[in-house]
Amino acid sequence: MIEYKKKEFGENDMKYSRRFVKLFLAMPVFAFGAALSIQSGIGVNAWDTFALGVANVLPLKYGTVVLLTGVFVLVIDLVMKQSIGIGTLADIFIIGKTTDLILALDIIPQIESLPIAIVCLVTSLFIQSFGVYLYSSAGLSVGPRDAMMIALAKKLNHLSIGMIKGIIEGTVFVIGFLLGAPVGIGTIISVFGIGFILEFTLKLFHFDLRNVPQENIMQTSSHLYNLTKQKVAHETL
C-alpha cells in the first residue's frame, strides 16, 4: 500500500514537472522566433506598429507605450476573468530578455536578401505559433495578449482561434498605421499570416486553447506546496 502511494505521488509529481518543462521550453522558442523576425528586417509586428503609432501622436516614448499597452491588456484580462500566473510572468520577464541575448550573441545574422527575409519571417511565425502551443498546453497561464485571445475565443465560440488572432492583430495594426507608424512588407505578412499559421499549428497538434484550464499564480503555488508536503510525508514512510 505504501509502495502504491509512493508510485502514485511520483507520477503526479512527474506530470506536474512536465508542465513546467513545457512552459519554460516555450520561452527560448518564442525568443528565437522573435529574433528571427527582427533579423529579417522587413517590418515590425502589429503590436509594435501600434506602439510606434501611439508614440508618433503622443508625447510618449516607444518603450513607455509598450509598457502601458501591456498593463492595459492585463487589465482587460482581469476584467474577462483570465488567469494571471507563472506563464504570464514568464512571458513578461523572460521572452524579451532572451530575445536580447540571442540578438547580442549574433546567432542569427541580419538578412539582406528580400526572398530569404520573407522565408525567415514566415518561419518565425510558425516558430512562435509552436511556442503558443507549448506554453498554453502547460496550463500554467499564458502571456497577456494570448490570454485576451483565449478570453475572446471562449466568448466567440463560433469563430476559430486563428480568426480571433487575426482580428486582434489586424485591429492594432490598423490603429498604428492610421496614427502614422511605418509599415513594411513584413508587417503585412505578419498581420495577415499569423492567424492562419496559428490555426494550422494548433490543428496539427489537435489542440484547442479553449479547452485547457489555465492556473493562476495562487493555484500553482498551492499545488507546489501540496506536492512538497506530500514528498516530505512520503520520504518519512
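Residues numbered from 1 in each chain as written. Predicted model: local features only at pLDDT ≥ 70, side-chain atom pairs only at ≥ 80, totals over all residues. Heavy atoms only, no water.

What follows covers the packing of helix H7 (residues 144-155) against helix H8 (residues 161-178). Their axes nearest at 10 Å, the elements H7 and H8 cross at an angle of 125°. Considering the angle they form, H7 stands oblique to H8. For the pair H7 and H8, the sense of crossing is right-handed. Of the residues in H8, those touching H7 at Asp146, Met148, Met149, Leu152 and Ala153 are Ile161, Ile164, Lys165 and Ile168. Within the contact of H7 with H8, the residues separate by chemical class into seven nonpolar, no polar and two charged. (Axes fitted to C-alpha atoms, helices over the stretch in contact; angles between N-to-C directions. Helix = DSSP H or I, 4+ residues; strand = E, 2+ residues; numbered from the N terminus. Parallel < 35°, antiparallel > 145°, perpendicular 65-115°, else oblique. Left-handed = near helix turned anticlockwise from the far one by under 90°. Contact = heavy atoms within 4.5 Å. Nonpolar A, V, L, I, M, F, W, Y, C, P; charged D, E, K, R; others polar.)

Moving on: a nonpolar patch on the surface. Residues Val174, Phe177, Leu178, Val183, Ile188 and Phe192 make up a contiguous nonpolar surface patch of about 570 Å² in total accessible area. Secondary structure elements with two or more residues in the nonpolar patch: H8 and helix H9 (185-204). For the nonpolar patch, the leading source of residues is H8, giving three residues. By secondary structure assignment, the location of leucine 178 is in helix H8. (Patch = residues over 30% accessible without salt bridge, like charges linked within 9 Å, V, L, I, M, F, W, Y side chains within 5 Å. Areas by Shrake-Rupley, 256 points an atom, 1.4 Å probe, with all protein chains shown as cover. Salt bridge = Lys/Arg side-chain N within 4 Å of Asp/Glu carboxyl O.)

Looking now at the packing of helix H3 (residues 62-79) against H7. Contact pair H3 / H7: the axes reach a minimum separation of 9 Å and the direction vectors enclose 35°. Helix-helix and strand crossings are classified by hand; for H3 and H7 the assignment is left-handed. Between H3 and H7, the contacting residues are Val73, Leu74, Ile76 and Asp77 on the first element and Pro144, Arg145, Ala147 and Met148 on the second. Partitioning the contact of H3 with H7 into residue classes produces six nonpolar, no polar and two charged.

As a further point, take the pattern of salt bridges. Within the structure shown, the criterion is met by five salt bridges. Linking glutamate 215 and arginine 19 is a salt bridge whose minimum nitrogen-to-oxygen distance equals 3.4 Å. With a gap of 196 residues between them, glutamate 215 in the loop between H9 and helix H10 (217-235) and arginine 19 in helix H1 (residues 2-40) connect regions that are remote in the sequence. By relative accessible area, glutamate 215 is classed as buried at 12%. Residue class for arginine 19 comes out partly exposed when judged on its relative accessible area of 23%. (Buried < 20%, exposed > 50% of the residue type's maximum accessible area, 1.4 Å probe, protein only.)

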